[in-house]
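# Working through the structure, step by step
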Amino acid sequence: MKKIFFLGAVFLVGCASNPYSEFYRANENSIQNSIYLGEVKIIQSNDQNLDINNMLKKGYIIIGSSNFSAYQTNKNIDELITQAKKIGAEIVLFSSNFIRTETLNVTSVMPTTNVTYIGNTPITSYNSNIVNIPVNKNRNNYVATFLKKSSSRIGILAQDIPDNERLKRQKNKGSKVMIIVDDSPAFNADILVGDIIEEINGITINNTNTAVEIFKDLDVKQFNLKLERNGMIVNKVITLIE
């Protein structure tokens, strides 16, 4: 699993294109699907990291994310749904936070009339003046995380072991379990977050990529995991769901 960090927002003054598409960043570890034709569920999120973790435990994976700053508009949700369907997302975690109110000068053409008299006869002439009208607009920061249901039958999301943990273990090899999907085969086998996967069916796991490739090629109903848990070796048998 690759963690996603929202490091900063891109600022937009005004944009005719869809900002959720323009500033979309795909998750490099996720296969980008074709257009999604179902109903997209938008979930208002007050804590993206917490909500992402909960969705991962429900068996969803991150397709990608969008992060930008723009003026508030009524079409924002429509643009969000359009992008979600385009990339195959079933659920979107959506956050919108007020940044500040900005005053813009909007140029407007104001008609003017002028009446003059020739003798007793009024003559009306028409003209126009260009004026700047101050308009207040709210600028918001928008964050959208796009998710879809995972096709994994096992229920483990893992990442490479951090350097400090390698030093503590005095080992480089292995893959660290970060998420266990609820009610999955891994959940039922009591695989725990923090376990280090050392072997799958006797094959040594060098890193997370090794584990992913082995899991993809598994064509059995059961397989064995050799784990390190709190410095102890634990062996588990995982039975896949038909």
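The sections below set out a description of the structure shown in this document. Within each chain, residue numbers correspond to sequence positions counted from 1 in written order. For a predicted model such as this one, the threshold for reporting local features is a pLDDT of at least 70, and the threshold for listing and counting side-chain atom pairs is 80 or more; totals across whole chains, interfaces and linings nevertheless cover every residue. Hydrogens and water are ignored here; the side-chain numbers use all heavy atoms of the structure.

## Some points on the overall build of the chain
Strands are runs of DSSP state E lasting at least 2 residues, helices are runs of H or I lasting at least 4, and numbering of each runs from the N terminus. The helix and strand inventory of the chain stands at 6 helices and 12 strands. Put simply, 73% of the contacts in the chain that link residues at least 6 apart link residues at least 24 apart. Method for areas: the Shrake-Rupley scheme with a 1.4 Å probe, in which residue coverage is limited to the protein chains shown. When the accessible surface of the chain is summed, it comes to about 14,800 Å², and 50% of that surface belongs to carbon and sulfur atoms. The contact rule is simple, with two residues in contact once any of their heavy atoms fall within 4.5 Å.

## A few points about the packing of aromatic side chains
Planes of paired rings set the category: under 30 degrees apart is stacked, over 60 is edge-to-face and the rest tilted, where pairs are Phe, Tyr or Trp rings (Trp by its six-membered ring) whose centres lie within 6.5 Å. As enumerated under the stated definition, the model contains 6 aromatic pairs in all. Aromatic pair Phe 94 and Tyr 142: ring centres 6.2 Å apart, planes at 25°, arrangement stacked. Of the two residues, Phe 94 is situated in strand 5 (residues 91–118) and Tyr 142 in strand 6 (residues 121–149); the sequence distance between them amounts to 48 residues. In terms of burial, Phe 94 and Tyr 142 fall into one category: buried. Every member of this aromatic cluster is reached through a ring pair, and the members are Tyr 20, Phe 23, Phe 68, Phe 94 and Tyr 142. Two limits define a charge over a ring: the Lys NZ or Arg CZ must be within 6 Å of the ring centre, and within 35 degrees of the ring normal. The cationic tip of Arg 139 hangs over the ring face of Tyr 71; the distance from NZ or CZ to the ring centre is 4.5 Å. Relative accessible area decides the class of each residue, using a 1.4 Å probe on protein chains only: under 20% of the type maximum gives buried, over 50% gives exposed, and in between gives partly exposed.

## Details of the pattern of salt bridges
Salt bridge, as used here, is a side-chain nitrogen of Lys or Arg placed within 4 Å of a carboxyl oxygen of Asp or Glu. One pass over the structure, following the stated rule, counts 10 salt bridges. Note that Glu 228 and Lys 171 form a salt bridge whose closest N and O atoms lie 3.6 Å from each other. Taken together, the residues Glu 228 in strand 11 (residues 222–229) and Lys 171 in the loop between helix 4 (163–169) and strand 8 (175–180) connect sequence positions 57 residues apart. Glu 228 sits in the buried class, given a relative accessible area of 11%. Taking the shortest distance from any N to any O, the salt bridge between Glu 199 and Lys 226 comes out at 3.8 Å. Of the two residues, Glu 199 sits in strand 9 (residues 196–200) while Lys 226 sits in strand 11, which places them 27 residues apart along the sequence.

## Digging into the pairing of strand 12 (residues 232–239)
Think of it this way: DSSP has to see at least two bridges between two strands before they count as a pair. Sheet topology places strand 11 next to strand 12; 8 bridges connect them, and they run antiparallel. Within the sheet, the bridge partner assigned to Leu 227 lies in strand 12 and is Val 234.

## Brief notes about the side chain of Ser 45
You can see Ser 45 is positioned in the loop between strand 3 (41–44) and helix 2 (48–57). Between N or O atoms, a polar contact is any pair within 3.5 Å; within protein, one atom must be a potential hydrogen donor and the other a potential acceptor, and residues adjacent in sequence are included only when both atoms are from side chains. A distance of 3.3 Å separates a polar atom in the side chain of Ser 45 from the backbone nitrogen of Asp 47. Setting aside its immediate chain neighbours within four residues, Ser 45 contacts Asp 51, Leu 93, Phe 94 and Ser 95.

## Regarding helix 6 (residues 208–217)
For an α-helix, the turn length of 3.6 residues means that residues three or four places apart are oriented alike. Among all positions of helix 6, only Thr 208, Ala 211, Ile 214 and Phe 215 are buried. One face of helix 6 carries all of its buried residues, which in axial projection span an arc of 125°. Seen from the open side of helix 6, the exposed residues pointing more than 90 degrees away from its buried face are Asn 209, Lys 216 and Asp 217. Buried residues along helix 6 sit against strand 7 (156–160), strand 8, strand 9, strand 10 (203–204) and strand 11. Capping the start of helix 6, Asn 207 holds a side-chain oxygen 3.2 Å from the backbone nitrogen of Asn 209, two or three residues further along. Summarising the geometry, the arc corresponds to the directions from the helix axis toward the C-beta atoms.

## Concerning the nonpolar core
The definition of a nonpolar core used throughout is a set of buried Ala, Val, Leu, Ile, Met, Phe, Trp, Tyr and Cys residues joined through side-chain atoms within 4.5 Å. Ranked by internal contacts, the top residues of the largest apolar core, which has 21 residues, are Ile 156, Ile 191, Leu 225 and Ile 238. Elements that contribute at least two residues to this core include exactly strand 7, strand 8, strand 9, helix 6, strand 11 and strand 12. Residues within four places of Leu 225 in sequence aside, it is in contact with Ile 156, Ile 191, Ile 197, Glu 199, Ile 200, Phe 215, Val 234, Asn 235, Lys 236 and Ile 238. Core analysis: the next-biggest nonpolar cluster, separate from the first, contains 16 residues, Ala 70, Ile 87, Phe 94 and Phe 146 among them.

All quantities given are derived from atomic positions and should not be read as evidence of function.
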